[in-house]
Amino acid sequence: SKAALEALKNYESSAVGASVSSKSVAGQAVTCVTFRYPAQNGSYTYCVTDQGVLAEWSAQSSAGHWALVLSSFTGNVPASQFTPPATPTTLPTGVG
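Residues numbered from 1 in each chain as written. Predicted model: local features only at pLDDT ≥ 70, side-chain atom pairs only at ≥ 80, totals over all residues. Heavy atoms only, no water.

Peer 1: Could you clarify how one ought to interpret the sheet that holds strand S1 (residues 17-25) in this entry?
Peer 2: The strands making up a sheet are joined through hydrogen bonds of the backbone, oriented either antiparallel or parallel. Strand order in this open sheet of five strands is S1-S2-S3-S4-S5, and the pairing throughout is antiparallel. Only two strands of the sheet have a single neighbouring strand rather than two, namely S1 and strand S5 (64-69). Pairwise comparison of adjacent strand axes, ignoring direction, gives a mean angle of 15 degrees for this sheet. Judged from the eight bridges that link them, strand S2 (residues 28-37) and strand S3 (residues 42-49) form a sheet pairing that is antiparallel. Bridge pairing in S3 places Cys-32 opposite Cys-47. (Pairing = 2+ DSSP bridges. Helix = DSSP H or I, 4+ residues; strand = E, 2+ residues; numbered from the N terminus. Axes fitted to C-alpha atoms, helices over the stretch in contact; angles between N-to-C directions.)

Encoded structure:
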């Protein structure tokens, strides 16, 4: 969402420059913002859907490239997907 990107701009305030772009990730239209850090020869890119879902994060520097990319997306998730696989038990007092 636009609000998420604005929050990132404030968070990455030490960046020297920023650019905004659009693309598709996992079939979803996303808006990306890339922050540049010339002193570290690097950049960070964040891409979010209009619903505010993080679709891509990547970092680039002279040390390498790292990325986290959404591989699929559905807006209709059944409630059963949030059911724990087993009944939780309470730990005894003093444990944990």
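Peer 1: What am I meant to see in the nonpolar core here?
Peer 2: Within soluble globular proteins, side chains that are nonpolar tend to cluster in buried spots. If you look at the biggest cluster of nonpolar residues, it comprises five residues: Val-25, Val-30, Cys-32, Cys-47 and Ala-55. Apart from residues lying up to four places away in sequence, Val-25 is in contact with Val-30, Ala-55, Glu-56, Val-69 and Leu-70. (Core = buried A, V, L, I, M, F, W, Y, C linked by side-chain atoms within 4.5 Å. Buried < 20%, exposed > 50% of the residue type's maximum accessible area, 1.4 Å probe, protein only. Contact = heavy atoms within 4.5 Å.)

Peer 1: Is there a simple way to explain unusual backbone geometry in this structure?
Peer 2: One non-glycine residue with positive phi stands out, namely Ala-26, at about 55 degrees. You can call Ala-26 partly exposed: its relative accessible area is 32%.

Peer 1: Can you walk me through the side chain of Ser-58 in this structure?
Peer 2: Mapped onto the elements of the fold, Ser-58 is located in strand S4 (residues 54-61). Ignoring sequence-local partners within four residues, the contact set of Ser-58 consists of Ser-43, Tyr-44, Thr-45, His-65, Trp-66 and Ala-67.

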